[in-house]
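Overview (structure and organization)
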Amino acid sequence: MPMVLALTVCGIFVALVVVGLFVFGLRRRLIQRSGGTFDASLRWDAPEKGDTNGKGWAYGVARYNGDRVEWFRVFSYSPRPRRILERSAIEVAGRRVPAGEEELALLSDHVILACLHRGTRLELAMSEDALTGFLAWLEAAPPGQRVNVA
């Protein structure tokens, strides 16, 4: 009898893991369904320039939605974006390559874009192609909107 109970518990555990992984995949698929997505790590309330300790980075998926970029954590079940960045509120402060411990915390081909969003310092790490698209999206603001791209 204890063997049957142990096998049942193991079977339930394996089934829950499989369902959890399936839900992660399904969520990502739904986020990407509308198109205009790119992989981007985000560091909110980023430290001052020169701090490359690698702490605070979260891996995610960003999606263009009109005049906003919605950022979703990869390892989350929430259908809602974790952060929403309005195009008119983004100020680009500069770009750099990962250094120090950041090289281990980020994907190897990513570039870091330092920004201000409504007074909050943040950093986005993305591929060169995604960065080109992001900067083009920023510069394509409707007439009359102030966009600061360094």
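What counts and what doesn't
Residues numbered from 1 in each chain as written. Predicted model: local features only at pLDDT ≥ 70, side-chain atom pairs only at ≥ 80, totals over all residues. Heavy atoms only, no water. Helix = DSSP H or I, 4+ residues; strand = E, 2+ residues; numbered from the N terminus. Buried < 20%, exposed > 50% of the residue type's maximum accessible area, 1.4 Å probe, protein only. Contact = heavy atoms within 4.5 Å. Areas by Shrake-Rupley, 256 points an atom, 1.4 Å probe, with all protein chains shown as cover. Core = buried A, V, L, I, M, F, W, Y, C linked by side-chain atoms within 4.5 Å. Phe/Tyr/Trp six-rings, centres within 6.5 Å; stacked < 30°, edge-to-face > 60°. Lys NZ or Arg CZ within 6 Å of the ring centre and 35° of its normal. Pairing = 2+ DSSP bridges. Axes fitted to C-alpha atoms, helices over the stretch in contact; angles between N-to-C directions.

As recorded in an unreviewed UniProt entry, the protein chain goes by the name Secreted protein, listed as coming from Streptomyces viridochromogenes.

Some points on the overall build of the protein chain
Looking only at helices and strands, the protein chain has three helices and seven strands in total. Listing each helix as α and each strand as β along the protein chain from the N terminus yields α-β-β-β-β-β-α-β-β-α. In the protein chain, which comprises 150 residues, the proportion classed as buried is 35%. Across the protein chain, every contact between residues at least 6 apart in sequence was considered, and the portion connecting residues at least 24 apart equals 53%. When the accessible surface of the protein chain is split by element, carbon and sulfur atoms take 60% of a total near 9,200 Å².

Digging into the nonpolar core
Judged by nonpolar contacts, the single largest core of 22 residues is most densely connected at F38, I90, L113, L124, M126, F134 and L138. Within the residue set of this core, elements represented by two or more residues are β1 (37-44), β2 (58-65), β3 (68-73), β5 (90-96), β6 (110-117), β7 (120-127) and α3 (128-139). At six residues, the largest contribution of residues to this core is made by α3. Look past the residues within four positions of F134 in its chain and what remains in contact with it is F38, Y64, V69, I90, L113, L124 and M126.

Remarks on the packing of aromatic side chains
One pass over the full model with this rule turns up four aromatic pairs. Seen from their ring centres, Y64 and W137 are 5.3 Å apart, and the 45° between their planes marks the pair as tilted. With Y64 in strand β2 and W137 in helix α3, this pair connects stretches of sequence that are 73 residues apart. The exposure class assigned to Y64 is partly exposed, which follows from its relative accessible area of 23%. Through a chain of ring-to-ring contacts, three or more aromatic side chains come together here, namely F38, Y64, F134 and W137. Note that R83 overlies the ring of W44, its terminal NZ or CZ placed 4.1 Å from the centroid.

With respect to the sheet that holds β2
An order of β4-β3-β2-β1-β7-β6-β5 is seen for the seven strands of this open sheet, with the pairing classed as antiparallel. The sheet terminates laterally at β4 (83-86) and β5, the two strands that pair on one side only. Taking the axes of each pair of neighbouring strands and ignoring which way they run, one obtains an average angle of 35° across the sheet. Here β3 runs beside β4; their pairing, made up of four bridges, is antiparallel. Bridging from a neighbouring strand, R68 pairs with E86 of β4.

Section: the pairing of β1
Successive residues of a regular strand alternate their side chains across the two faces of the sheet. Here β1 runs beside β2; their pairing, made up of six bridges, is antiparallel. Pairing of S41 across the sheet is with Y59, part of β2. Judged from the four bridges that link them, β1 and β7 form a sheet pairing that is antiparallel. Within β7, the position partnered with S41 by the bridge is A125.

Considerations on unusual backbone geometry
The phi dihedral of D45 falls on the positive side, at around 50°, and the residue is not glycine. Inspection of the secondary structure puts D45 in the loop between β1 and β2. At R118, a position not held by glycine, the phi torsion is positive, near 55°. With respect to the helices, strands and loops of the structure, R118 is situated in the loop between β6 and β7. Assessed through its relative accessible area of 60%, R118 is described here as exposed.

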